[in-house]
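# A structural walkthrough
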Amino acid sequence: MNTHNKLTVFRMTLVPAFMAFALPQVGRWQFLAAMVNFLVVLLTDMIVGTMARSHNQLTTFRKLRDPLA
């Protein structure tokens, strides 16, 4: 498993955490945690996309899982 796929799996694990922080909206800290989580996912998506295009690496795993992440 290459680095691109590992980061995709990492992003997939962050999605439930984002939902847990974003849905209840009980306090301000939950909004901040959801925003930080979203920014981490956004940055890793940009990094993975840039790395994959520069190295011309596109795997079937990433084609299927990247939209989910």
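Below, the structure is looked at part by part. A quick note: this is a predicted structure, and the numbers were derived from the prediction, not measured.

## Considering a nonpolar patch on the surface
- A cluster of nonpolar side chains, namely Phe10, Phe31, Leu32, Met35, Val36, Phe38, Leu39, Val40, Leu42, Leu43, Met46 and Ile47, defines an oily patch on the protein surface of about 1100 Å² accessible area.
- Among the secondary structure elements, methionine 46 is positioned in helix α2 (residues 28-55).

## Thoughts on the packing of helix α1 (residues 3-22) against α2
- Between α1 and α2, the least distance of the axes is 9 Å, while the angle of their chain directions is 160°. By the angle class used here, α1 and α2 are roughly antiparallel. In this structure, α1 meets α2 at a crossing whose hand is left-handed.
- Among the residues forming the contact of α1 with α2, the class breakdown is 16 nonpolar, seven polar and two charged.

## Quick notes on the pattern of salt bridges
- Summed over the entire model, instances satisfying the criterion amount to one salt bridge.
- A salt bridge links arginine 11 to aspartate 45, with the nearest nitrogen and oxygen atoms 3.6 Å apart. Taken together, the positions of arginine 11 in helix α1 and aspartate 45 in helix α2 put the pair 34 residues apart, joining distant regions of the chain.
- Exposure remark for arginine 11: the relative accessible area of 1% places this residue in the buried category.

About the thresholds
Residues numbered from 1 in each chain as written. Predicted model: local features only at pLDDT ≥ 70, side-chain atom pairs only at ≥ 80, totals over all residues. Heavy atoms only, no water. Patch = residues over 30% accessible without salt bridge, like charges linked within 9 Å, V, L, I, M, F, W, Y side chains within 5 Å. Areas by Shrake-Rupley, 256 points an atom, 1.4 Å probe, with all protein chains shown as cover. Salt bridge = Lys/Arg side-chain N within 4 Å of Asp/Glu carboxyl O. Helix = DSSP H or I, 4+ residues; strand = E, 2+ residues; numbered from the N terminus. Axes fitted to C-alpha atoms, helices over the stretch in contact; angles between N-to-C directions. Parallel < 35°, antiparallel > 145°, perpendicular 65-115°, else oblique. Left-handed = near helix turned anticlockwise from the far one by under 90°. Nonpolar A, V, L, I, M, F, W, Y, C, P; charged D, E, K, R; others polar. Buried < 20%, exposed > 50% of the residue type's maximum accessible area, 1.4 Å probe, protein only.

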